[in-house]
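So you can see what is in the structure, the chains are spelled out below.
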Amino acid sequence: MREQYMRTGEGFLLIYSITSRQSFDEIIAFQQQILRVKDKDYFPIIMVGNKCDLDAEREVSKQGMKSIYSARDSSADFRTEGESVARSFGCKFIETSAKSRINVENAFYDLVREIRRYNKEMSSYGSGAPAYGSHIPGQKMEMGDQNESVGCCSRCVVM
């Protein structure tokens with residue numbers, strides 16, 4: 001059943017609880033399963049650390065850890081565990097609190113932006129050469145350009 005949702009989904013929020021190390025550790029398997037089911041190297045994903053209002057119960061470190069990219073990127077800084085994993089996925093990271101309504105809408109808006117960006121890149125690639133400034137499908141996309149219009153495609157799936 002889960003793979004059917006993955007086949008039809010246009011983008012995914014990978015959500016873990018910052019109060020549960022196990023939920024964080026399972027994120028990598030979900031991301032790999034999505035890419036396998038989609039048969040892609042990249043697909044629109046936003047990684048979400050939920051329950052940021054329960055910082056005292058945090059099991060997923062907010063303490064900075066040296067990024068895996070620091071050897072290749074002199075501008076690399078210390079990142080939280082969630083940020084480091086999201087960066088390795090080539091996706092955006094955001095911490096939320098559903099209970100306190102912190103960043104919940106932003107997570108969905110960011111996902112819709114990524115879906116639109118991905119669809120635009122795929123359509124321009126299918127019509128010939130990639131558009132100026134675009135990447136080749138299959139490569140991880142850059143996470144800039146947060147000023148695009150927002151909205152919902154009404155095809156988002158929450159698992």
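> Go over the packing of aromatic side chains with me, naming the residues and quoting the values.
Two descriptors summarise a pair of aromatic rings, namely the distance from one centre to the other and the angle between the planes of the rings. Counted by the stated rule, this structure contains 4 aromatic pairs. Chaining the aromatic ring pairs together yields one cluster made of Phe-12, Tyr-42, Phe-43 and Tyr-118.

> Give a detailed account of the nonpolar core, specifying residues and quantitative values.
One finds Tyr-16, Met-47 and Phe-89 to be the most contacted residues of the largest nonpolar core, which totals 21 residues. Among the elements of the structure, strand E1 (12-17), helix H2 (21-38), strand E2 (45-50) and helix H3 (81-89) are those that each provide at least two residues to this core. It is H2 that provides the largest number of residues to this core, a total of 5 residues. Setting aside chain neighbours within four positions, we find Met-47 in contact with Leu-14, Tyr-16, Phe-24, Ile-27, Gly-82, Val-85, Ala-86, Phe-89, Cys-91, Lys-92, Phe-93 and Ile-94. Core analysis: the next-biggest nonpolar cluster, separate from the first, contains 7 residues, Leu-13, Ile-46, Ile-94 and Leu-111 among them.

Parameters at a glance
- Residues numbered from 1 in each chain as written.
- Predicted model: local features only at pLDDT ≥ 70, side-chain atom pairs only at ≥ 80, totals over all residues.
- Heavy atoms only, no water.
- Phe/Tyr/Trp six-rings, centres within 6.5 Å; stacked < 30°, edge-to-face > 60°.
- Core = buried A, V, L, I, M, F, W, Y, C linked by side-chain atoms within 4.5 Å.
- Buried < 20%, exposed > 50% of the residue type's maximum accessible area, 1.4 Å probe, protein only.
- Helix = DSSP H or I, 4+ residues; strand = E, 2+ residues; numbered from the N terminus.
- Contact = heavy atoms within 4.5 Å.

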